[in-house]
Amino acid sequence: MPIVDVKGVEKVYQQGDIEVHALKDIYLSIAPGSFAAIAGPSGSGKTTLLNIIGGLDLPDHGEVVVDSRHFRKMNQSQLAELRLNRIGFVFQAYNLIPVLSAVENVEYVMLLQGVEKADRRKRAMAILDEVGLSEKYHNRPSELSGGQQQRVAVARAIVSNPAIVLADEPTANLDSKTGEALLQIMAEMNENRNVTFIFSTHDQMVMDYAHRLVLLRDGMIDDDQVK
Amino acid sequence: MELQLAWRNIWRNPRRTVIIMIAVIIGVWTMVALTSLMRGIVNDMLENGISTLTGDIKLYASGYHNDPSIEYRIDDPNSVISKIAKTLPVDSKYAARVRVNAIASNARHSIGLTLVGIDPDQEKGVSFIGNGVVDGRMISEDDNNAIVIGQALLEKFETRIGRKLILMSQNSQNEIVSKAFKIVGVFRAKLASTEKQFVFVNKHSAQKMLGIGNGISEISVVINDHGKFEQTSQGIAEILKDSDIEVHTWKDLLPMLTAYMEIFNGFIVLWYLVVFVAMAFGIVNTMLMAVFERMREFGLLKALGMKPMLILRSVLIESGIILIMGAIAGNLLAFGSVMMIAATGIDLSALSSGFEYVGMSSVIYPEIFLKDVFLANVVVLILGLAVSTYPAVKASRITPVEAMAHT
Ligand SMILES: Nc1ncnc2c1ncn2[C@@H]1O[C@H](COP(=O)(O)OP(=O)(O)OP(=O)(O)O)[C@@H](O)[C@H]1O
Ligand SMILES: [Mg+2]
């Protein structure tokens, strides 16, 4: 059974008088444990697709099933619950709460999940160690480099024990070396924890890491290769 | 962690927080300080009114209230007093008086005023005359010809202590009687009009002059805890319901004062409203700005799975902290400034002597009532939180997709 199942999804945005078909009749199944990349030129619908898979945006047509949950049957509050417990997010930028330190940012999701205080701190530190930030627990985001910030974001996405992590161009703001390091961390997490990663990218290097590459063009799937 | 986060968020933009706090401080400060000033004025008017021979409760023979003539009198005051004594709260005081309209004259002047026959000891703590005289001496039990008059009357009559004053009135047979008294003392009252209105003689000499035996015109009762006057007057009325005596409270004896107090109360509410509306605009505007500035963050929190109610709550916690800090500072300022003013009082005599007309002293001592402080704080905190729900709801409705588009 796929962990993500997108069936006939369409999304139309209204831009003034013009209707923009951001996604046209998308079918996409992703198996548990995948490390999948969604690639395509700017405006091809990568962000839109990830948002819909993450329950941040609703499709105009079609069906989305994540972790056996049918989005169409769920209300906003149930979707929030699902995101909190089953989906991790890493965005291109502005991932962290600026007034919280690295360890507090990671803890915050667990607070929302209702994890015990002592447990929170322990798990947050452990996961920051895993992404190589043992020295930076108490630094605020403004005191971290872009790559370190993204690593905190990955740590936060993974700490809640999600079924999938959705990352929208996580390396776009990083230089290639830092980007590759981040990708390696994500690949390790994927392997060690068997968490499904779906990320979008422009970057050939990032695509090379992916075990599966879905190519979008004008809101349609142009190519889908499993390596 | 929630409080910690709220605290840090508050200080992200200290200037904005300080602006909201100043609005709250000024709001609470002016609410509490001005209310206590008004309470001072109203209480002063009430004290003046009650001590100007009114009392909390007053007993008359039926008819006297409409036609204050010596014809209507309580002939046996002692039996009335012994009947009601039990219903009075422990430390209440009373005074029985003879009171008639009279004309006072000397060689140069004459004026209509009120002749009051008193027992000087009874008046202590009941009316202003119980405080004694500023010049000369007080009338005593067996002073048959002595009279005490007000400073203002003394000046108007161009007379002095030791001189005579002729009092003319109607006796119980409706005959004109007159008697010469010797001025033995001069009293002062807060209001010049009171000094001109009343002259005091020994109760027995008034009774003799008017031919009324032991009769008196009124019994004035003062209760230590003014708040109990209504209940006590009902108790007295119940006891005296078969006798020929009317029971009145200051509320119906001083209708002007009652009206002023209501106006003041209305004004206080209006003032709260004005201050609050001004403050509310400040709070809503600044909080909205803060929320829109942090749109990306709220979008992120939503994406992470934070429910709208929690986001709403976190914004309310932030404004709650600002409101509480502002309210504390506002209260401190208010208490401080009121205490400073209360030490010396505010002298309004320079402004106008017209204050006297409404029965107000020229020096006002503000009084803080906890009830008012409580009300001001509740208004600020509860309504402050209520208006903060608007920006808070806005924050809770931000969607991640919107937030991401808003870079
Ligand atoms: N909120 C929106 N309102 C209107 N149009 C939108 C909105 N979001 C996306 N679109 C449009 O939908 C299309 C797909 O956008 P999307 O952001 O998914 O592309 P993308 O592949 O992520 O592009 P990029 O590589 O630049 O991030 C674009 O034409 C975009 O203009
Ligand atoms: Mg995009």
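The numbering scheme is per chain: residues are counted from 1 as the chain's sequence reads. Lettering of chains starts at A and numbering of ligands starts at 1, both following the order in which they are written. Given that this is a predicted model, residues contribute local features only at a pLDDT of at least 70 and side-chain atom pairs are listed and counted only at 80 or more, while totals for whole chains, interfaces and linings are drawn from all residues. Hydrogens are left out, water is left out, and the side-chain values use all remaining heavy atoms of the structure.

A. Representation of the interface of chain B and chain A in the model. Contacts are residue-level and defined by heavy atoms, with any inter-residue pair within 4.5 Å sufficient. In this complex, chain B contributes 21 residues to the contact, which on the side of chain A involves 28 residues. By buried area we mean how much accessible surface two parts lose on assembly, using a 1.4 Å probe and totalling the loss over both. For the pair chain B and chain A, the summed buried surface comes to about 2,300 Å²; carbon and sulfur atoms form 71% of the total. Its largest share of buried area at the contact with chain A, chain B owes to B:Met1, B:Arg8 and B:Leu304, together 29% of the area lost on that side. The working definition used for a salt bridge is a side-chain nitrogen of Lys or Arg within 4 Å of a carboxyl oxygen of Asp or Glu. Where chain B meets chain A, there are two salt bridges. The shortest N-O distance in the salt bridge between B:Arg8 and A:Glu104 comes to 2.6 Å. Contacts described as polar in this section are N or O atom pairs within 3.5 Å, which, within protein, must combine one atom able to donate a hydrogen with one able to accept it, while residues neighboring in sequence count only if both atoms come from side chains. Our count for the contact surface shared by chain B and chain A stands at five residue pairs in polar contact (both at pLDDT 80 or more). Those elements giving two or more residues to the side of chain B that touches chain A turn out to be helix H1 (2-10), helix H10 (295-304) and helix H13 (400-405) of chain B. Each helix is a run of H or I in the DSSP string that is no shorter than four residues. Each strand is a run of E no shorter than two, and both are numbered from the N terminus.

B. Structural view of the site of ligand 1. Residues and elements named next belong to chain A. Residues are counted as near a molecule or strand when any one of their heavy atoms sits within 4 Å of it. Ser42, Gly43, Lys46, Thr47 and Thr48 are the nearest of the 14 residues found near ligand 1. The separation between an oxygen atom of ligand 1 and a polar side-chain atom of Thr48 is 2.5 Å. The accessible surface values rely on the Shrake-Rupley method and a 1.4 Å probe; as for residues, cover is taken only from the protein chains in view. Starting from 630 Å² of accessible surface for ligand 1 in isolation, the protein chains cover 70%. Looking at the shell around ligand 1, the element that brings in the most residues is helix H1 (residues 46-53), giving three residues. Residue polarity follows a fixed list, in which Ala, Val, Leu, Ile, Met, Phe, Trp, Tyr, Cys and Pro are nonpolar, Asp, Glu, Lys and Arg are charged, and the others, Gly among them, are polar. Of the residues in the shell around ligand 1, the class split is four nonpolar, eight polar and two charged.

C. Quick peek at the sheet that holds strand E10 (residues 220-226) of chain A. Residues and elements named next belong to chain A. When DSSP finds two or more bridges between two strands, those strands count as paired. Strand order in the open sheet made by the six strands is E6-E7-E8-E3-E9-E10, with mixed pairing throughout. On the outer flanks of this sheet lie strand E6 (87-90) and E10, each paired with one strand and no other. The sheet shows a mean angle of 15° between the axes of neighbouring strands, taken without regard to direction. Bridge count between strand E9 (residues 212-217) and E10: six bridges; the pairing is antiparallel. Counted as the bridge partner of Leu215 is Asp223 from E10. This element, helix H2 (residues 76-86), spans E6 and strand E7 (164-168) of the sheet and lies at about 80° to E6. In this analysis, axes come from line fits to C-alpha atoms, helices being fitted only over the stretch in contact, and the angle between any two N-to-C directions falls in the range 0 to 180 degrees.

D. Representation of the sheet that holds strand E5 (residues 69-70) of chain A within the structure. All names here are of chain A. Taken together, four strands build an open sheet; the order of strands is E2-E1-E4-E5 and the sheet is antiparallel. One side of each edge strand has no neighbouring strand; the edge strands of this open sheet are strand E2 (18-30) and E5. Two strands pair when backbone bridges link them, and strand E4 (residues 61-66) and E5 are joined in this way by two bridges, in the antiparallel orientation. For Val65, the partnering residue across the bridge sits in E5 and is His70.

E. Structural view of the pairing of strand E1 (residues 4-15) of chain A. Residue and element names in this part refer to chain A. Across nine bridges, the pairing between E1 and E2 is antiparallel. Bridge assignment links Tyr13 to a residue of E2, and that residue is Val20. Between E1 and E2, which pair antiparallel and follow one another directly, the connecting turn spans two residues, one of which, Gly16, has a positive phi of 65°. Where E1 and E4 come together, five bridges link them in antiparallel fashion. In the sheet register, Asp5 faces E4, and the bridge partner there is Val65.

F. Focus on the domain arrangement of chain B. By domain assignment, chain B separates into domain 1 (2-49 + 257-406) and domain 2 (57-222). Where a domain begins and ends is set by an automatic assignment or by a domain database. Once you take the C-alpha centre of each, domain 1 of chain B and domain 2 of chain B turn out to be 51 Å apart.

G. Here's a closer look at the pattern of salt bridges. All names here are of chain B. For the coordinates displayed, the defined rule picks out 27 salt bridges over all chains. Residues Glu293 and Arg16 are paired through a salt bridge, measuring 3.0 Å at the closest nitrogen-oxygen approach. Placement of the pair is Glu293 in helix H9 (residues 255-293) and Arg16 in helix H2 (residues 14-51), with a sequence separation of 277 residues. Summary of the burial criterion: residues with accessible area below 20% of their type's maximum are buried, those above 50% are exposed, and those between are partly exposed, where the area comes from a 1.4 Å probe applied to protein chains only. Classification of Glu293 by relative accessible area gives exposed; the value is 55%. When its relative accessible area of 9% is taken as the criterion, Arg16 is described as buried. Note that Glu218 and Arg99 form a salt bridge whose closest N and O atoms lie 3.2 Å from each other. Of this pair, Glu218 sits in strand E9 (residues 218-222) while Arg99 is found in strand E2 (residues 93-105), placing the two residues 119 residues apart along the sequence. Look at the salt bridges and you will find they share partners, linking Lys58, Arg97, Arg99, Glu123 and Glu218 into a network.

H. Quick peek at the nonpolar core. Within the largest apolar cluster, 181 residues are counted, with the highest numbers of intra-cluster contacts made by A:Leu128 and B:Leu167. The residues touching A:Leu128, leaving out its near neighbours within four places in the chain, are A:Ala102, A:Val103, A:Val106, A:Leu133, A:Ser134, A:Tyr137, A:Val152 and A:Ala155. In plain words, nonpolar cores are sets of buried Ala, Val, Leu, Ile, Met, Phe, Trp, Tyr and Cys residues tied together by side-chain atoms within 4.5 Å. Grouped together as the second largest cluster of nonpolar side chains are 13 residues, B:Leu53, B:Ile118, B:Ile129 and B:Phe200 included.

I. Region of the structure containing a nonpolar patch on the surface. Residues and elements named next belong to chain B. Residues enter patches when their relative accessible area tops 30% and they take part in no salt bridge; the joining distance is 9 Å for like charges and 5 Å for the nonpolar side chains Val, Leu, Ile, Met, Phe, Trp and Tyr. Together, Phe267, Leu270, Leu273, Val274, Val277 and Phe281 line one region of the surface with nonpolar side chains, adding up to about 610 Å² of accessible area. Examined against the element boundaries, Val277 turns out to sit in helix H9. Overall, the relative accessible area of 42% leaves Val277 in the partly exposed class.

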